[in-house]
Amino acid sequence: MSEKQADQFWAYSVAKEIVKAEKKIYVCEGMWTPSGFFHIGNARPEIFTPYAVFLALGELGYPVRQNFIVDDFDAVRKIPQGIGVKQHDEGNFLGYSCATAPSPVAGYRSWADFFVSDVREHIAEFGVGLNIISAYQSYKDGKFNDLIHFSLEHSKEIVSVWNRVAGAEKAADFFPVQVVCGGCKKIYFTQAMQWDGKFVHYKCAMCGFSGKVLPKDGRVKLHWRVHWVCHWIVHDVSFESGGKDHFSKGGSVEVGRALLAEVFKRPPIFQVPTEFIQLKGAKMSGSVGNVISLGDWLEIASPELFRFLNFSTRPNSVIEINLEGNNFLLLDERYNRAARIFFGKENAENEKLQEQISRAYRQSIIGKPPKELPVQVPFSFAVLIAQLFDPEKGKKIEELLLQTGHVEEKLSKEDSAFLALRLLRVRNWVEKFAPQEFRVKFLEYAKDVDIKKISPVVKNVFSAVAVAVGKAKNAEELQGEIFVIAKNNLVEPKELFLALYNAFLGRDRGPKLGSLVFAVGKEKIIKRLEELV
């Protein structure tokens, strides 16, 4: 990346600010509570915004690490939809910390272990090397012991700052800890009643247990606003992002910054709010279940496409995703165009855009970029091929691409493998999300054709179309010849195309007709036209 490109990328500006404070290593961090399903909406603020700064710091030559905090000491407060837990069994989960609640699905150690599995299993495929840290284990290991003691000793100061910044009304005798109940072992229902300088005295509203506990080694957890601040201290965080809702006036970020400066007497960290990824106009929710997980994404699209989505959009811009709509297809087209611009096959509208698009494409690539532009097949045509061909039938697909003009020479092994995986993902997209107009199935029998949609005048030119199909060397040539046939026979082209789509697919429209003919096979098409004459 050129120096000029770097200056125009927000993450480099952030990185240059961060390194003004000299450190042995700079830490970029995100935090997520495994109370429900992880999804790409979580991945944006908690992984990919920090990752952009991680890359910038690395490319500027600074030592850097990226942490992903699994906030599994937090309690299970709600049973996510679609998880299959019966109402009378909910008490087996609710109130326990995510790390100690049993897994709702067999084969996992705990609630947290199940819900974080999507990240553990798939994030490396997106090219991101995360240092995944369990908050619960950090408490158990004693990493928060001193900060818990400090927070209890300074609880009045914490309450004062909290109330002032957030406009809250926390009681003066509030203690910013949650205790794991010695009776029911749940954490959500306990209340700290007293701090005597050694023990926290508490009671549990769930089981009625009262007792005292040494506040160390995983027996207590800091209240999440203080807990968040103490993570910055424990891990010496330099940069963090989060959903924009945390950055509202008097919100958790503003309270945290004030606590860090006024109570803990530490310098600020650099934070950037990140907008949501919305699914069909709504914020994704891991508890409601309207989500796209990392694994879901990899079934229908490449990890590079998701990286591109993040790197081509500033964190303060909302990303709208509708897997059933045009914006998913347009994203694919934008990515392919970015590749052509990066490899010098196309120019952007101006120099600034040229640099921005090239930078976004380069950062979307995992590892070193290829030496040449990878094979490109438009999404609309890939949809057609994926439905009519087995993605593993490489030679047949290559022959078709040569005939349709989508490639000009034989594919390399790398391009063949790339294309096979792309078509497999496109097929998955068709099966799960494609609107009806993208679904293509050739009518196997002529008797299934609705003859009423084909006028006698149009049917009379089917023989000429059949001859043209037999002679055509490629899809573009055939497409043009059909227009000529319509003109020569005084038939409206629109009427002829409508009739042909009904003859082949049983509907009024479809993919580009020339490409459809070569994809289905010229012999099948000629036979159908002859059957209908």
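1. Some remarks on the overall build of the chain
Looking only at helices and strands, the chain features 23 helices and 13 strands. Across the 533 residues of the chain, 53% fall into the buried class. Accessible area of the chain: about 25300 Å², with a carbon and sulfur share of 50%.

2. Concerning the pairing of strand 2 (residues 64-70)
Of all seven residues in strand 2, six are buried; the element is thus mostly enclosed. Sheet topology note: the strand 1 (residues 26-32)/strand 2 ladder contains seven bridges and is parallel. Looking at the pairing, Cys-28 lines up with Gln-66 of strand 2. In this region the chain leaves strand 1, passes through helix 3 (residues 40-59) and returns to the parallel neighbour strand 2; the handedness of that crossover is right-handed. As defined by bridge partners, strand 2 adjoins strand 3 (residues 131-134) across four bridges and the pair is classed as parallel. The partner of Asn-67 across the bridge, within strand 3, is Asn-131.

3. Quick word on the confidence of the model for the chain
The predicted coordinates should not be examined in detail at positions where pLDDT is low. Summing up the model confidence of the chain, the mean pLDDT is 94 and the portion of residues at 70 or higher is 98%. Throughout residues 1-7 the model reports pLDDT below 50, and contacts reaching past four residues in sequence, or to other chains, amount to 13 contacts.

4. Things to note about the sheet that holds strand 6 (residues 200-204)
Strand pairing in a sheet is mediated by backbone hydrogen bonds. Such pairs are either parallel or antiparallel. Here three strands make up an open sheet; going across it, the order is 5-6-7 and the pairing antiparallel. The outermost strands of the open sheet, each flanked by one partner alone, are strand 5 (190-195) and strand 7 (210-213). Direction aside, neighbouring strands of the sheet carry axes that sit 30° apart on average. Here strand 5 runs beside strand 6; their pairing, made up of five bridges, is antiparallel. Along strand 6, the bridge assignment pairs Trp-195 with Val-200.

5. Overview of the nonpolar core
Trp-297, Phe-328, Trp-429, Phe-462 and Phe-504 are the most contacted members of the largest nonpolar core, which totals 134 residues. The greatest single-element share of this core, amounting to ten residues, is contributed by helix 3. Of all hydrophobic cores here, the second largest spans 46 residues; its members include Met-31, Ile-148, Trp-195 and Leu-222.

6. Re the sheet that holds strand 10 (residues 270-274)
As summarised here, the arrangement of the five strands in space is 3-2-1-9-10, forming an open sheet in which the pairing is parallel. Each edge of the sheet is formed by a strand with only one pairing partner; in this case those strands are strand 3 and strand 10. Here the strands of the sheet are splayed against their neighbours by 25° on average, with no regard to which way each runs. The sheet contact formed by strand 9 (residues 237-243) and strand 10 spans five bridges and is parallel. Looking at strand 10, one finds that Phe-239 is bridged to Phe-270. Here helix 3 sits on the sheet in contact with strand 1, strand 2, strand 9 and strand 10, set at roughly 150° to strand 9.

7. A few points about the packing of helix 12 (residues 303-311) against helix 14 (residues 351-364)
A packed helix pair is summarised by two numbers, namely the angle formed by the two axes and the spacing between the axes. The contact between helix 12 and helix 14 brings their axes to 8 Å, and the two run at 140°. The angle between the axes of helix 12 and helix 14 places the two elements in the oblique class. When the axes of helix 12 and helix 14 are compared, the crossing they make is right-handed. Residue-level contacts link Glu-304, Arg-307, Phe-308 and Phe-311 of helix 12 to Arg-359, Ala-360, Tyr-361, Gln-363 and Ser-364 of helix 14. Split by residue class, the contact of helix 12 with helix 14 holds four nonpolar, two polar and three charged.

About the thresholds
What you see as residue numbers is a count from 1 along each chain, following the sequence as written. Local features in this predicted model are restricted to residues whose pLDDT is 70 or higher, and side-chain atom pairs enter the listing and the counts only when it is 80 or higher, whereas totals over whole chains, interfaces and linings include all residues. For the side-chain quantities, the full set of heavy atoms in the structure was used; hydrogens and water were omitted. Per the convention used, a helix needs a DSSP run of H or I reaching at least four residues, while a strand needs a run of E reaching at least two, with both numbered from the N terminus. The buried label goes to any residue with under 20% of its type's maximum accessible area, the exposed label to any with over 50%, and the partly exposed label to all in between, with areas taken from a 1.4 Å probe on protein chains only. For every accessible area listed, the method is Shrake-Rupley and the probe measures 1.4 Å; residues are considered covered only by the protein chains on display. Strands are treated as partners if at least two bridges between them are detected by DSSP. Look down the strands so they point away from you; if the path from the first strand over the helix to the second goes clockwise, the crossover is right-handed. The predictor attaches a confidence to each residue, called pLDDT, with possible values from 0 through 100. Contact definition: two residues touch when any of their heavy atoms are within 4.5 Å. Angular values range over 0 to 180 degrees, each being the angle between N-to-C directions of two axes fitted as lines to C-alpha atoms, with helices fitted over their stretch in contact. Among buried residues, those of type Ala, Val, Leu, Ile, Met, Phe, Trp, Tyr and Cys that are joined through side-chain atoms within 4.5 Å constitute a nonpolar core. Should an angle lie under 35 degrees it is considered roughly parallel, over 145 roughly antiparallel, and from 65 to 115 roughly perpendicular; all remaining angles are considered oblique. Handedness of a crossing is defined here by the sense of rotation of the near helix relative to the far one, left-handed for an anticlockwise turn of less than a right angle and right-handed for a clockwise turn. Each residue receives one of three labels: charged for Asp, Glu, Lys and Arg, nonpolar for Ala, Val, Leu, Ile, Met, Phe, Trp, Tyr, Cys and Pro, and polar for the others, Gly being one of them.

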